Amino acid sequence: MIPSVLPTYNRAPLSFTHGEGSWLVEADGRRFLDMGAGIAVNALGHAHPALTRALTEQAGKLWHVSNLYQIPEQEALADRLVEATFADTVFFTNSGTEACELAVKMARKYWSEKGHPEKTDIVTFSGSFHGRSSAAIAAAGSEKMVKGFGPVLPGFTHVDWGDHEGIRDAVTETTGAILLEPIQGEGGIRTMPDHCLQGFRQLCDEKGLLLILDEVQCGMGRTGKLFAHEWAGITPDIMMVAKGIGGGFPLGAVLATEEAASGMTAGTHGSTYGGNPLGCAVGLEVMKHVADADFLSEVRRKAGALRQRLESIVATHYDVFEEVRGHGLMLGLKCVVPNTDVVQACYEHELIAVPAGDNVVRLLPPLTLTDEDIAEAVHRLDRTATAVSLKSKAPA
Ligand SMILES: Cc1ncc(COP(=O)(O)O)c(C=O)c1O
């Protein structure tokens, strides 16, 4: 019999009742160190007092009015994002997938309004993940995601990750944009080098294309800059944001330059819930922390400390791990054994890690994790790797 919850997930038999900082408490009382943060969502950890306060204060005043009216919290958050980034304007969504939908629509509308309705094609990369809507799965294009969901939305050209010549060849008269994650999350923590991002910006400028960055997973301070593309010294035309921006409240956004957004006039897009007072009150509080220069420099310091220790774990447990990859607190351990075995063993050692493509285990902790949390995570990972190694050598 089908379960009452549609079974689209293979869920671990873990059920958490509450959390605090980097820790999650299971129904049976066990305390798990959370190095997954709900897949890069809980940027300020669990039950952060300032976020709880922002949410409950707003909840006592006003939850929802719809976008038919002015929403001061929405305007304040949009102002803050515009002030802190390349963007001139922001549209709020409830998820990364919805941000992808709008990014695609915005690019196509831009060209349509410019008198080039034929420029509907968007070049994307293998291993990408942009969400689960029809546009997002078409953008990613992997067999696994689109199989059985045809007809697949047309207008996406897929290039192999790292194939720089391929991208030039993929750009044609009908290309309007290039879309990529500066660091692929679901694809296995694969970082696009700075010089490649610079090359894509150059190519877009040269050919008059829009550069769309998906910073749903790698943005909001995760790499130690507010957004990952800042490391490369470039700016996109359109950017998708979600996950960390709400710290656990469902919130997403599309940020854009005035030029890229020029086709999006009244009536061209909308959302009942997007940018509601609750979400934006929380988002404003998240921004207060995450956009702070001292907070970001702490992220970089902690990321350096974690990475250094992970490198030595990899060197010690070379029969389990192959390499550390990623940037800041968006790290991946490429595994020698199946990554799902490692994640399972992490659970047995009361450590939360997240599997990804390319046989990688992701570590995406709250950005607020402490030095003690880092030491404990490394200790638990060390014990996990020893257990995995012993198991893999045990006679069947
Ligand atoms: C890079 C990226 N884009 C888009 C999405 C989709 O976001 P959501 O699950 O909030 O719809 C995700 C989710 O994992 C993601 O990692």
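Residues numbered from 1 in each chain as written. Predicted model: local features only at pLDDT ≥ 70, side-chain atom pairs only at ≥ 80, totals over all residues.

**Brief notes about the nonpolar core**
- Counting residues in hydrophobic clusters, the biggest one holds 118 residues, and the most contacted among them are Ala 103 and Val 254.
- Per element, the largest residue contribution to this core is 9 residues, and it comes from helix α4 (residues 96-113).
- Each of domain 1 (16-47 + 294-393) and domain 2 (50-290) gives at least three residues to this core.
- Ignoring anything within four residues of it in the chain, the contact list for Ala 103 reads Ile 212, Ile 238, Met 240 and Val 254. (Core = buried A, V, L, I, M, F, W, Y, C linked by C-beta atoms within 7 Å. Buried ≥ 20, exposed ≤ 12 C-beta atoms within 10 Å, placed from the backbone. Helix = DSSP H or I, 4+ residues; strand = E, 2+ residues; numbered from the N terminus. Domains from an automatic or database assignment. Contact = placed C-beta atoms within 7 Å.)

**Considerations on the UniProt feature "modified residue: N6-(pyridoxal phosphate)lysine" (unreviewed entry) in the chain**
- Per the UniProt record, "modified residue: N6-(pyridoxal phosphate)lysine" (unreviewed entry) is found at Lys 243.
- Aside from chain neighbours lying at most four places away, what touches Lys 243 is Ala 40, Val 41, Gly 96, Val 216, Gln 217 and Met 220. (UniProt positions renumbered as here; feature names shortened; annotations may be inferred.)

**Looking at the UniProt feature "binding site: N(2)-acetyl-L-ornithine" (unreviewed entry) in the chain**
- As recorded in UniProt, the sites labelled "binding site: N(2)-acetyl-L-ornithine" (unreviewed entry) are Arg 132 and Ser 271.
- Along the chain, Arg 132 falls in the loop between β5 (121-125) and α5 (134-140).
- The partly exposed category is assigned to Arg 132, around which 15 C-beta atoms lie within 10 Å.
- Once residues within four sequence positions are removed from consideration, Arg 132 is found in contact with Thr 97 and Ile 137.
- Position of Ser 271 relative to the elements: it lies in the loop between β12 (252-256) and α9 (277-290).
- Beyond its immediate stretch of four places on either side in the chain, Ser 271 contacts Asn 67, Thr 93 and Glu 98.

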